[in-house]
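# Commentary on secondary and tertiary structure
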Amino acid sequence: MTTLAPGYDPKSFESRLYQQWESSGAFAPAGDGPAYTILLPPPNVTGTLHMGHAFQHTLQDALIRYHRMRGYRTLWQMGTDHAGIATEMVVGRNLMLEGKGETRDSLGRDAFIEKVWAWKEQSGGTIERQMRRLGTSGDWSRSVFTMDPMASTAVTEAFVRLHEQGLVYRGQRLVNWDPVLKTAISDLEVASEEEHGHMWSIRYPLADGASYEHVEVDADGVETLREVRDYIVVATTRPETVLGDTAAMVHPEDPRYLALHGKSIALPLTGRRIPLIVDDYVDRAFGTGVVKVTPAHDFNDYAVGQRHGLPMINIFTDEAKVMSSRDDIADAYRGLDRFDARKAIVADLEAAGLLVEVKPHKLQVPRGDRSGQVIEPFLTDQWFVKMDELARRGLELVESGEVKFVPPNWINTYRHWLENIQDWTISRQLWWGHRIPAWFDEAGNAYVGRSEAEVRAAHGLGDIALRQDPDVLETWFSSAMFPFSTQGWPDEDTMGALGFDVALPTSVLVTGFDIIFFWVARMIMMTDRLVGRVPFRDVYITGLVRDKDGQKMSKSKGNILDPLDIIDGIGIDALVAKRTTGLMQPKMAEKIEKATRKEFPDGINPHGADALRFTMAALAGPGRDIKFDLARAEGYKNFCNKLWNATRFALMNLGDATFTGVPQPKTDAEQWILAQLDRTTAEAAAHFASYRFDLLAQCLYEFTWNQVCDWFLELAKPALQGEDAAAADSTRHTLAYVLDALLRMLHPLVPFVTEELWQAVAPRLGKSGSVMLQPYPQPGEVDAGPFAQAEADIEWLKAMVSAVRRIRSELGVSPAKQIALLVRGGGENECARMGRLDAQLRFLCRLERLQVLTGEPPAAAPAVVGDLQLFVPLEGLVDLDAERVRLDKELAKVAAEKDKSEAKLAKFGAGVPAAVVEQERLRLADWSGKLAALAEQRARLG
């Protein structure tokens, strides 16, 4: 007989089981069933597992395990992203820590890339190792790194084809620029937070001696100022950019400045003339109603400059220092850092009498999420993808239903982005990444091709000198190709070997709402354009994992939880060290330590991977952010423990008996639990189909804890311990059958504990192998139609047992003590049920006698089940005098509440809302009913 350890200890089997699964090859696609494929959003190779990963990976793994058990040919395509900026920063930091004086620039491109590859081989697989600890059952043998040769070939091919189609071009546009990393970055890599700054109001003199009558009025239209001015006042948060202004701008209908339309401005500190233009972009109510326009250093100004044909004057270098090469910039500013230039310019404006005022001002400051530095809108030559045509097609694919969002409201976000799309900047000034397949001649002409040899042959360039573009493609570009770059495209032999036609489209993409545009939309557009397919059928959008108070988890707040610490546990000192090391604001360390020690005085106890996974599933409401409370994980650890103990109980009662097939139940309890099982399998199938993991977890929890553990194990005891051998044997069969089905149903959510328990149960049913390869229970496997009467009887029995146990609890009577139960009333159904279920009632309620009562009961504790009145005689169970005192106090308390409710209703006037009146009437009825019941109970005691 297989035995289980006395207690649930996930550390003793989780790692062992995962090694067995992986080494058996069970994660690879198998069989000839329909295809079911999920593409893992590739985590950064520099990364470690965080709560967002644990959340999304749990849901993906549940879907994969479920469909694998359903007989689908499942593929969970794994992979990691090379993360250009993040990886360069990590390797650069490692070089500094080595203390050899080596830097990225001192090594040069080739040597630095060698260092990156060496680091990747040594440390780059951290997150994949951590994912295994969570139980992810992806096909690791097919894992693709975005810099692998197969994926790199696809990225190059995509760039070349898009260029041939006229969709990729090189041009000069404004981009987000990180002056520390000296590269363009995407919007997703920019974090804007409100910071304290200033607003400077500056006089811009009118050119050519022009003047105008300036009039101001208050909110009521009353004139507050009238004077002749030969200047306008411009308010700005970035006075240093005055050097790059190419216009000033007012609203065309602003009455204050109608006389100035078409005039010119003498730009302060430079002497350049700039026009005063009109544009309805200006907010007349903000500031002075006059806006400076610096097209090369502000995204909104860039759009204005495009509309009005303004010059684009770049005043900064790639390090955000003032250029030294411009003749119209004073020597005093040349070479200064932008913030040092700000101080110098403000001082000169003040000395020239042009500074009107300085006010404190809160503003959104964009900072690079990697470097932490203020991002500069910067005009550079970059490679772009034309997006208009691609966006129209991408929107069509979603609105036609070929790609479906779950929940469906996220299509609005998708639509908004695509309808307001701009061309996509795909080049980055880095070394680590896919180098752009373009070569330049000495005249600056660019030639695109798959290799230098192809470029020379295609354009007849002979032996002229060519240099390859030093830039690389941004990682979102290569990620956009991931649905097909992982499947061998464009090489037909590799595509055939990997099952390209089966793997694409994938079945569902599970991802966060924050990358709907950056990744989801781009995969849809690129896969459609280059392969002629959609990349996936469904897009299941998850919320963010927040802390228990709803705050976003971040290192700076010190509220991050490491999934592995929840799984394996961590001491308080180690937890504090983890949360306070490497802070961007070290002064926060003391506050974070204090909060951490208060919340986790003893650290975090180990919960196991299954408890964390079940927590994630239970919290996965549709599209909502989730508040992660460790108490929930503790509760689901108890759930796993309950399942463990229930299995031990079952095995002890099964003995060495073995069974095959579907049970032919002999008892009502068996019929009831089999009907409950059939109903639960139908619910589980529906919840998987609709991605309602929260409802799935809820229904499985309810069935496991309440129906199986709390009730069926109890209801089975009369048969298991009775003298009817046939009923005992049938009950054992049903117990084994239900437990087997339950473990298979739970497996996608809690794979480890179900595998360990199933291995102990399976031999009783003639089964072997792994539970992950067993069929998932389906509705209809048990014909529950004939069990309706048994279901009704058992629900009645449960109500009776619960009522008696509640009386025991209220009276403080030991569960082991036998009691008498008197019953009165009811009809033929209740009488018949009592006859059928007499033995079970006596056994489960510990009754010394069960008696039908016709007259009045003695002093007794009452209960009601349907039309049946129950009485448990108090004599010999409680101190009757003490019970009288208790009831008198309770009567007084309830009577007082009833009187208060009556008085409140009497005072209500005609103006009180009907809902409030109705609520109070219901309260009065409730108190009145309680009072009558208590009075009746008290009367019996004399």
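Structure's up top.
Summary of the structure given here. Keep in mind the model is a prediction, meaning the values are calculated, not measured. (Residues numbered from 1 in each chain as written. Predicted model: local features only at pLDDT ≥ 70, side-chain atom pairs only at ≥ 80, totals over all residues. Heavy atoms only, no water.)

## Remarks on the nonpolar core
Considering soluble globular proteins, one finds that nonpolar side chains tend to be buried as a cluster. Core analysis: the largest hydrophobic core is formed by 143 residues, its most contacted members being F628 and L870. Setting aside anything within four residues of it in sequence, one finds L870 in contact with M800, A803, V804, L821, L822, V823, A861, P862, A863 and V865. Formed by 60 residues, the second largest nonpolar core is a distinct cluster that contains L162, V168, V403 and L530. (Core = buried A, V, L, I, M, F, W, Y, C linked by side-chain atoms within 4.5 Å. Buried < 20%, exposed > 50% of the residue type's maximum accessible area, 1.4 Å probe, protein only. Contact = heavy atoms within 4.5 Å.)

## Let's talk about the pattern of salt bridges
A full pass over the atoms with the stated rule returns 58 salt bridges. Here D61 makes a salt bridge to R613, at a shortest N to O gap of 2.8 Å. Linking D61 in helix α2 (residues 51-69) with R613 in helix α21 (residues 609-619), this pair joins segments that are 552 residues apart in sequence. The pair formed by D61 and R613 is uniform in burial state, with each residue classed as buried. (Salt bridge = Lys/Arg side-chain N within 4 Å of Asp/Glu carboxyl O. Helix = DSSP H or I, 4+ residues; strand = E, 2+ residues; numbered from the N terminus.)

## A look at the environment of V322
Among the secondary structure elements, V322 is positioned in the loop between α8 (299-308) and α9 (338-351). The buried category is assigned to V322, whose relative accessible area is 2%. Taking the C-alpha atoms as reference, V322 lies 56 Å from G608; in sequence the two are 286 residues apart. In contact with V322, other than residues within four places in its own chain, are L243, I315, F316, I329, Y333, R334, G335, L336 and A341.

## Looking at the packing of aromatic side chains
In this structure the tally under the stated criterion is 33 aromatic pairs. Geometrically, the ring pair formed by Y212 and Y257 is tilted, given 6.2 Å between the ring centres and 50 degrees between the ring planes. Linking Y212 in strand β7 (residues 212-217) with Y257 in the loop between β10 (247-250) and β11 (264-266), this pair joins segments that are 45 residues apart in sequence. Members of the aromatic cluster, joined through ring pairs, are F614, Y636, F639, Y701 and W705. A cation sits over an aromatic face here: K120 above F145, 4.4 Å from the ring centre. In this structure, R522 is placed above the aromatic ring of F517, and the distance from its NZ or CZ to the ring centre is 5.1 Å. (Phe/Tyr/Trp six-rings, centres within 6.5 Å; stacked < 30°, edge-to-face > 60°. Lys NZ or Arg CZ within 6 Å of the ring centre and 35° of its normal.)

## Some thoughts on the sheet that holds strand β17 (residues 424-425)
Adjacent strands of a sheet form backbone hydrogen bonds with each other and so pair up, either parallel or antiparallel. Pairing is antiparallel across the open sheet formed by four strands, whose spatial order is β5-β4-β15-β17. Lying at the two open borders of the sheet, with one neighbouring strand each, are β5 (183-185) and β17. In this structure, strand β4 (residues 168-178) lies alongside β5, joined through three bridges in antiparallel fashion. Bridging across to β5, W177 finds its partner in A184. Taken strand by strand, α8 contacts β4 and β15 (376-385), and its axis lies near 145 degrees from that of β4. (Pairing = 2+ DSSP bridges. Axes fitted to C-alpha atoms, helices over the stretch in contact; angles between N-to-C directions.)

## Some details on helix α10 (residues 388-399)
For α10, built from twelve residues, the straight-helix expectation of 16 Å at 1.5 Å per residue is met to within 8% by its first-to-last C-alpha distance of 17 Å. Of the residues making up α10, those classed as buried are L390, A391, G394, L395, L397 and V398. Projection of α10 onto a plane perpendicular to its axis shows the buried side chains occupying an angular sector of 160 degrees, all on one side. Buried residues belonging to α10 abut β15, β16 (404-406), α11 (410-419) and α17 (516-531). (Expected span 1.5 Å × (residues − 1). Arc of directions from axis to C-beta.)

## Digging into the packing of helix α23 (residues 668-689) against helix α25 (residues 725-746)
Closest axis-to-axis distance for the α23/α25 pair is 10 Å, and the angle between their directions is 15 degrees. When the interaxial angle is binned, α23 and α25 end up roughly parallel. As for how α23 packs across α25, the hand of that crossing is left-handed. Every residue of α25 that contacts α23 at E670, I673, L674, L677, T680 and T681 is listed here: A727, S730, T731, T734, Y737, V738, A741 and M745. A breakdown of the residues in the contact of α23 with α25 according to their chemical character gives eight nonpolar, five polar and one charged. (Parallel < 35°, antiparallel > 145°, perpendicular 65-115°, else oblique. Left-handed = near helix turned anticlockwise from the far one by under 90°. Nonpolar A, V, L, I, M, F, W, Y, C, P; charged D, E, K, R; others polar.)

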